Amino acid sequence: MSTFHLHQSTNATPEQLLAGITDFGPGRSKIFSLSSDQFLKVHDRGATFADVTEGSSGTWERLRYDWSDPNRVVMKTTDSNVWGGDSGHVYTFTRRPDGKTDVDAVVVRQGKNLKGRALELVLALFGKRILGKELAKTAKAIEDRNGKAPAAKGNGH
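Everything numeric in this text was worked out from a predicted model, so none of it was measured. (Residues numbered from 1 in each chain as written. Predicted model: local features only at pLDDT ≥ 70, side-chain atom pairs only at ≥ 80, totals over all residues. Heavy atoms only, no water.)

Visitor: Would you mind going over helix 1 (residues 14-21) with me for this structure?
Guide: Across the eight residues of helix 1, six count as buried, placing the element largely inside the fold. For helix 1, the set of buried residues is Pro14, Gln16, Leu17, Leu18, Gly20 and Ile21. (Buried < 20%, exposed > 50% of the residue type's maximum accessible area, 1.4 Å probe, protein only. Helix = DSSP H or I, 4+ residues; strand = E, 2+ residues; numbered from the N terminus.)

This is the structure in structure tokens:
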């Protein structure tokens, strides 16, 4: 099992981040570049939760989203072609006095089969850099959709 702690500062507000991360409509791939709109399926959705399958033709996962705390989004993997166990993501938003928001993300990846274990090994070697870049892209995409100027880069931890 690999666990990654990531950090990104952004000009987007916690409300904008929450709205972007929980927007399961067309164009989701602009927020999450590794998730293809073609493979997005919303199974169930309520005011503070969603059950969603997303990914690409090579790797997909079904996630249970919970944003009952508006400053935190918990995404637990419930099914996947490669991830199992405790896999998932947690995003925590902290508004700063200067108007920016700190995003702290914890990503857990536990391969459930040969392909998953191979991907987990790649992530163990390069995951912090890869996932850190993806978090920065997500923050920038949310800033762009809300007309915010980019903030300083995150430090990846």
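Visitor: What exactly am I supposed to notice about the sheet that holds strand 3 (residues 49-55) here?
Guide: Sheet strands pair by backbone hydrogen bonding; their relative direction is either parallel or antiparallel. Across the sheet, seven strands lie side by side as 1-7-6-5-4-3-2; this open sheet has antiparallel pairing. Only two strands of the sheet have a single partner each, and these edge strands are strand 1 (2-10) and strand 2 (41-45). Averaged over all pairs of adjacent strands, the angle between strand axes in this sheet comes to 15°, irrespective of strand direction. Looking at chain direction, strand 5 (residues 72-80) and strand 6 (residues 88-95) are connected through five bridges and run antiparallel. From the neighbouring strand, Val74 faces strand 6, where its bridge partner is Val90. (Pairing = 2+ DSSP bridges. Axes fitted to C-alpha atoms, helices over the stretch in contact; angles between N-to-C directions.)

Visitor: What am I meant to see in the packing of aromatic side chains here?
Guide: When we look at a pair of aromatic rings, we describe it by the centre distance and by the angle of the planes. Applying the stated criterion across every chain, the model contains two aromatic pairs. Their ring planes at 80° and their centres at 4.9 Å tell us that Phe24 and Tyr65 sit as a pair that is edge-to-face. Here the residue Phe24 occupies a position in the loop between helix 1 and helix 2 (28-31), and Tyr65 occupies one in strand 4 (residues 60-66), the gap between them amounting to 41 residues. The burial state of Phe24 is the same as that of Tyr65; both residues are buried. Taking 6.4 Å as the distance between ring centres and 40° as the angle between the ring planes, the aromatic pair formed by Phe24 and Trp67 counts as tilted. Here the residue Phe24 occupies a position in the loop between helix 1 and helix 2, and Trp67 occupies one in the loop between strand 4 and strand 5, the gap between them amounting to 43 residues. Each of the two residues, Phe24 as well as Trp67, counts as buried. Through pairs of rings, three or more aromatic residues link up here, namely Phe24, Tyr65 and Trp67. (Phe/Tyr/Trp six-rings, centres within 6.5 Å; stacked < 30°, edge-to-face > 60°.)

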